[in-house]
Amino acid sequence: MASFLPILLQFFCCISAIEAIPIFLPPPSLLQSKPSLKSNVSYKTHFFPQVLDHFTFVPQSYKLFQQKYLTNSEYWGGPSTKAPIFVYAGNEGKIEWFADNTGFMFDIAPKFRALLVFIEHRFYGESLPFGKDSSNSSATLGYLSSQQALADYATLILSLKKNLSAQDCPVVVFGGSYGGMLAAWFRLKYPHIVLGALSSSAPILQFDDLTPLTSFYDTVSKAYKDSSTNCFDVIKKSWDELILLGSEEEGLLKICRNFRACKTASSVYSVRNWLWEAFIYTAMVNYPVKANFLKPLPANPVKEMCRIIDSYPPEADTLTKVFAAASVYFNYSGTEKCFEFENRRDPHGLSGWNYQACTEMVMPMSCSEQSMFPPDNYNYTEKAESCMLEFGVQPRPHWITTEFGGHDRNGIGKIWKQHNILKRHVGPLEQGRELITWISGLRRKTIQTGLLSRGDRK
């Protein structure tokens, strides 16, 4: 699937009354193929006393909070051999979730005798600067930003290397989706700390007008259309039929009964959002292997959804077809007796993303006539009003390109090329060159052999 996860993005911008959906999805090369989050990988849990604000010197900025990170030293060659340190840039969720699903780092650790480190992103998981009150208001959430997170990683890494007497050990940072964005930006902003970065499925160009606003939904739609034109057509016409039925007397009750709702939804749009999520997320995790990153899913889940839709006769009810297809995402395990359409659980602790999407992570998206979703144009005014209502903040739509660049793509390309290997890393230079060359080659091979979902960007 395309780079839009990262988490991850504000996928539901086309429809009002839908919260921004976070980005956090690494592609298959970063996922274990095991169908369970209960991984066999092992790691030790640590907490680092992290400063609240890296960029001001007011008394409040010196407040400390405990930032969680995980380590695995099973294969590490140690400081004496200048063995590398592989760092995962934590996304918007509990760090164990990403450690358990990032098999690629564990796969290559023996070859490079690497120390593995997974750092949790501030305001997620247990890394809460204000404890249970961290998300109470913008007064506390104001310390949640990508810049603060990168500074967290830099501070923690330098302290860890000093404590391990590993100052000469090169650091390579890894990340997928939003974590991939952080990995790329970390390499850009802290080249004296990070030798290289593997930034996977990172939508770093999904800001301002760098990417056509319709590209995400067009790409998602193409995944279904490539699998089955009939499947695409059924999903495309289901939205109007759902809203029409929901507007009828007892219509919403009928929908909830047919969709096996645990309790009747207060609005038909809650049901629409549920279907929307199923089709979007399934496309995003359309891996060629079984996976359990978001939900237990079969290999090629988009194809499985379309197979189910196509198995019905043409005269069958459209909403029956799309509900059966959505059940692949929400109930492939067959364990769900009913479905919640409102006030659903947040098992991975992703709620902070809505705030980030209202401040710096402003990724405009629209739905074109060619997509299988209702056509709609991005409306910044509506978004700003929604953010002001929920958090009391105004989005800064141009901040990411101001802070990290993007418009001058040739210039950015030169920076990446120049920063690939820094010659001032004299000690680990040769090992670093081997590492970057080997990972780059593996990445190309992975793409060529089709392990990455269709549309994924390098």
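Reading the values: the criteria
- Residues numbered from 1 in each chain as written.
- Predicted model: local features only at pLDDT ≥ 70, side-chain atom pairs only at ≥ 80, totals over all residues.
- Heavy atoms only, no water.
- Helix = DSSP H or I, 4+ residues; strand = E, 2+ residues; numbered from the N terminus.
- Salt bridge = Lys/Arg side-chain N within 4 Å of Asp/Glu carboxyl O.
- Buried < 20%, exposed > 50% of the residue type's maximum accessible area, 1.4 Å probe, protein only.
- Axes fitted to C-alpha atoms, helices over the stretch in contact; angles between N-to-C directions.
- Parallel < 35°, antiparallel > 145°, perpendicular 65-115°, else oblique.
- Contact = heavy atoms within 4.5 Å.
- Nonpolar A, V, L, I, M, F, W, Y, C, P; charged D, E, K, R; others polar.
- Core = buried A, V, L, I, M, F, W, Y, C linked by side-chain atoms within 4.5 Å.
- Pairing = 2+ DSSP bridges.
- Phe/Tyr/Trp six-rings, centres within 6.5 Å; stacked < 30°, edge-to-face > 60°.
- Disulfide = S-S within 2.5 Å.

A. Examining the environment of Met361 more closely. The residue Met361 is located in the loop between helix H12 (352-357) and helix H13 (380-391) in this model. Separated by 36 residues in sequence, Met361 and Pro397 place their C-alpha atoms 7.6 Å apart.

B. Structural detail: the pattern of salt bridges. Scanning the model with the defined rule gives 6 salt bridges in all. Two residues, Arg122 and Asp152, come together in a salt bridge whose shortest N-O distance is 2.6 Å. Pair noted here: Arg122 is in the loop between strand S4 (115-119) and helix H3 (138-141) and Asp152 is in helix H4 (residues 146-163), with a separation of 30 residues, a long-range link. The pair formed by Arg122 and Asp152 is uniform in burial state, with each residue classed as buried. The residue Glu304 makes a salt bridge to Arg307 at a minimum N-O spacing of 2.7 Å. A residue pair is termed a helical-turn pair when its members lie 3 or 4 positions apart in one helix, as Glu304 and Arg307 do in helix H10 (residues 301-311) at 3 residues. By relative accessible area, which is 21% here, Glu304 ends up partly exposed. The class of Arg307 is partly exposed, set by a relative accessible area of 49%. Counted as one network, the salt bridges with shared partners bring together Lys68, Glu96 and Glu126.

C. The arrangement of the packing of helix H6 (residues 215-227) against helix H9 (residues 268-284) in detail. Between H6 and H9, whose axes approach to 10 Å, the crossing angle comes to 80 degrees. As summarised for this structure, H6 and H9 are arranged roughly perpendicular, according to the angle between their axes. Counted together, Phe216, Tyr217, Val220 and Tyr224 of H6 and Trp276, Ala278, Phe279, Ile280, Thr282, Ala283 and Met284 of H9 form the full contact between these two elements. Taken together, the residues that form the contact of H6 with H9 break down as 10 nonpolar, 1 polar and no charged.

D. Expanded view of the nonpolar core. Ranked by internal contacts, the top residues of the largest apolar core, which has 73 residues, are Tyr224 and Phe279. Among the elements that make up this core, the one with the highest residue count is H9 (11 residues). Sequence-distant contacts of Tyr224, defined by excluding residues within four places in its chain, comprise Cys231, Phe232, Ile235, Ala278, Phe279, Thr282, Ala283, Val302, Met305, Cys306 and Met372. Core analysis: the next-biggest nonpolar cluster, separate from the first, contains 51 residues, Leu115, Ala154, Phe207 and Trp353 among them.

E. Expanded view of helix H2 (residues 103-112). The element H2 is largely enclosed, with a buried count of 7 among its 10 residues. Taken residue by residue, H2 has Gly103, Phe104, Met105, Phe106, Ile108, Ala109 and Phe112 as its buried positions. Following H2 by one or two positions, Arg113 has its phi on the positive side, about 50 degrees.

F. Region of the structure containing the sheet that holds strand S2 (residues 64-72). Taken together, the 6 strands give an open sheet; going across it, the order is S1-S2-S4-S3-S5-S6, and neighbouring strands pair in mixed fashion. Only two strands of the sheet have a single neighbouring strand rather than two, namely strand S1 (44-51) and strand S6 (196-200). The mean angle between the axes of side-by-side strands here comes to 25 degrees, regardless of whether they run parallel or antiparallel. As defined by bridge partners, strand S3 (residues 85-89) adjoins strand S5 (residues 171-176) across 4 bridges and the pair is classed as parallel. In the sheet register, Ile85 faces S5, and the bridge partner there is Val171. Relative to S1, H4 is tilted by about 115 degrees, and along the sheet it contacts S1, S2, S3, S4 and S5. Along the sheet face, helix H5 (residues 178-189) touches S3, S5 and S6 and points at about 150 degrees away from the line of S5.

G. Quick peek at the packing of aromatic side chains. All told, the structure shown has 33 aromatic pairs when counted by the stated rule. An angle of 90 degrees between the planes, with centres 5.9 Å apart, marks the rings of Tyr224 and Phe279 as edge-to-face. With Tyr224 in helix H6 and Phe279 in helix H9, this residue pair connects regions lying 55 residues apart in the sequence. On the accessibility criterion, Tyr224 (0% relative accessible area) is buried. Among the aromatic residues, ring-to-ring pairing joins Phe259, Trp274, Tyr281, Phe323, Tyr329, Phe330, Phe339 and Phe341 into one connected group.

H. Quick look at the pairing of S3. Most of S3 sits inside the fold, with 5 of its 5 residues counted as buried. Where S3 lies against S4, 5 bridges are found, and the strand directions are parallel. Residue pairing for S4: Ile85 is matched across the bridge by Leu115.

I. Broad picture of the state of the cysteines. With the rule as written, the count across this model stands at 3 disulfides. Cys231 shares a disulfide with Cys306; S-S distance 2.2 Å. Residues Cys231 and Cys306 share a disulfide whose torsion about the S-S bond is about -70 degrees; that sign makes it left-handed. Of the two residues, Cys231 sits in helix H7 (residues 229-247) while Cys306 sits in helix H10, which places them 75 residues apart along the sequence. This pair shows no difference in class: Cys231 is buried, exactly as Cys306 is. Linked covalently through their sulfurs, Cys262 and Cys338 form a disulfide whose S-S length is 2.0 Å. Disulfide Cys262-Cys338: the torsion about the S-S bond is 95 degrees, which places it as right-handed. Of this pair, Cys262 sits in the loop between helix H8 (251-258) and H9 while Cys338 sits in the loop between helix H11 (318-331) and H12, and the two are 76 residues apart along the sequence. Residue classification places Cys262 among the partly exposed positions, given a relative accessible area of 33%.

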